[in-house]
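For reference, the chains in residue letters:
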Amino acid sequence: MSQWIDACSAEDIDAEEAIRFDHGGRTFAIYRNDKDEYYCTDGLCTHEDVHLADGLVMENTIECPKHSSIFDFTTGEVETPPACENLHTYPVKVEGGRVLIEL
Amino acid sequence: MRSRDYSLLGPDADRAVAEGLVTTEWYRTPVPKKQMKALMQRADQPAIRDTVLLFALMIGFAAGGIVLWPSAWSLPFWLAYGVLYGSAMDSRWHECGHGTAFRTRWMNKVVYQIASFCMIRDPHCWKFSHARHHSDTIIVGRDPEIAIMRPTDLLKLAANLVGLIDVWDGLKRMAVHASGRVLPDEATYLPESSHVSVIRTARIWVLIYAATIALAIWMGSILPLLLIGLPRLYGCWHMVMCGWLQHGGLADNVTDHRLNSRTVLMNPVSRFIYWNMNYHVEHHMFPLVPYFRLPDLHRAIAFDLPAPCPSIAAGYVEMLPALVRQQTDPDFHIRRLLPASASPYQGHPTAGMSAAQ
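The rules behind each value
- Residues numbered from 1 in each chain as written.
- Chains lettered and ligands numbered in written order.
- Predicted model: local features only at pLDDT ≥ 70, side-chain atom pairs only at ≥ 80, totals over all residues.
- Helix = DSSP H or I, 4+ residues; strand = E, 2+ residues; numbered from the N terminus.
- Rg over C-alpha atoms; globule rule 2.2 N^0.38 Å.
- Buried ≥ 20, exposed ≤ 12 C-beta atoms within 10 Å, placed from the backbone.
- Contact = placed C-beta atoms within 7 Å.
- Expected span 1.5 Å × (residues − 1).
- Arc of directions from axis to C-beta.
- Nonpolar A, V, L, I, M, F, W, Y, C, P; charged D, E, K, R; others polar.
- Pairing = 2+ DSSP bridges.
- Axes fitted to C-alpha atoms, helices over the stretch in contact; angles between N-to-C directions.

Got a minute to help me understand the overall build of chain B in this structure?
On a plain count of helices and strands, chain B comes out with 18 helices and 0 strands. In terms of overall dimensions, chain B is globule-like: its C-alpha atoms have a radius of gyration of 21 Å, near the 21 Å expected for 357 residues. Along the three orthogonal principal directions, the C-alpha set of chain B runs to about 65 × 40 × 40 Å. Scored against the burial criterion, the 357 residues of chain B give a buried share of 44%. Summarising the internal contacts of chain B: among those between residues at least 6 apart in sequence, 65% fall at separations of at least 24.

Would you mind showing me how to read helix α8 (residues 164-178) of chain B here?
Because an α-helix packs 3.6 residues into every turn, residues spaced three or four apart end up facing the same way. Residues and elements named next belong to chain B. The end-to-end C-alpha separation of α8 is 21 Å, in line with the 21 Å expected for 15 residues at 1.5 Å each. When α8 is considered as a whole, its buried residues turn out to be D166, R173, M174 and H177. Buried residues along α8 cover an arc of 105 degrees about the axis, so they all sit on one side. Opposite the buried face of α8, at more than 90 degrees from it, the exposed residues are K172 and A175. Contacts from the buried residues of α8 go to α7 (154-160) and α10 (195-219).

Which parts of the structure should I look at to understand the interface of chain A and chain B?
Note on interface size: it is often stated as the accessible area lost on association of the parts. Between chain A and chain B, the contact holds 15 residues from the first and 14 residues from the second. Across the side of chain A that touches chain B, the residue classes break down as 6 nonpolar, 4 polar and 5 charged.

How do you make sense of the sheet that holds strand β6 (residues 61-63) of chain A when you look at a structure like this?
Remark on secondary structure: sheet strands pair via backbone hydrogen bonds, oriented parallel or antiparallel. All names here are of chain A. Taken in spatial order, the 4 strands make up an open sheet running β5-β6-β7-β8, and their pairing is antiparallel. If you trace the sheet from one side to the other, it starts and ends with β5 (56-58) and β8 (78-80), each paired once. On average, each strand axis in the sheet is inclined to that of its neighbour by 30 degrees, with strand direction left out of account. Bridge analysis of strand β7 (residues 70-72) against β8 gives 2 bridges, and the strand direction is antiparallel. Within the sheet, the bridge partner assigned to I70 lies in β8 and is T80.

This is the structure:
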């Protein structure tokens, strides 16, 4: 059964940035775009197991820091190879200044 | 002495996995997140300026070569045109392949396609090949882009100064692709979904080369081939000269780019041609940093890196004796001194000794 997990403070993530969030033996990336909207995906690139939170956020995309695969983090879709497999995305909401993700 | 099989399908590929060399855990100098974010920021202006300048120079030199042809006065124009075609296009291929040269994606794609054609590198295969080079840099059996294999074959290296090995390989691969196939080594890193594009690109290129050759025959002149195709041979020396310095003579089978890559300070002309790839340790550690911010990155992490070679000549003074020795002693490599402020080398039998060999 899914539940909402308190991941971090909304202020922990600057605009056009991502942070890594580890929970239950899994790793996620939480994003804040240039419109102050928050999103969450699996934390590792689907090409190789590189943490996406170290990559470059531009608008609604995250670019993997190792091989420059680009994903739309609002949908998880690959926009640029070498990654070929989409990311899994997770619902996010902000309540009381806290970022919650549904896992 | 460790034998080395550079085939991606050979025993060293399995050995690299077994020895834990195929890993995402490469050493990276710690850089504050905000500073790294600033270093990774994209912009169009520097690459637009450089690309306009590059193509203007190419057109100018080609025009000079054509007008003065066949007198000897045309020679310097062809030599200059050749270096821009056969060497500068390599760095454009590289930066646009990473997607870092321009902020606007279509600009990266357009320049990448043009540069891939000039270099005779299939844009799809080499995208994945280069990704593997970054994953498994100078890991024998894994890295498809090791320029100097051991034991060193100096004749082979000399032949590549005029592109003989690379061009033959590129043409062979183009012919195989145009026939509707990809090679077994390419299949180890190229997803099947890309095969159609690889084949289509090769067929278009074959048509372009065939048209160029037909035009040369019709004109009874080598001029069309001096413009398209041959510059990949007569102009690649600068790419090769700089490219050997990237990893030549340094360690293989390690997971710390400070051990297997070399940063060389270069003159402004070479840096324009090479698009700052002389900051090679920095590039491998942080591939998302655009070429025009690599000098800033170099300054930011200098405390943790071996001192750069102060010039191309100094790089060769360091590298050449090692290449000569590697003819008979393939395990020999240069281990460069780290500054006192640096973290010790990672994953190297002599990590932390910081002594030049």
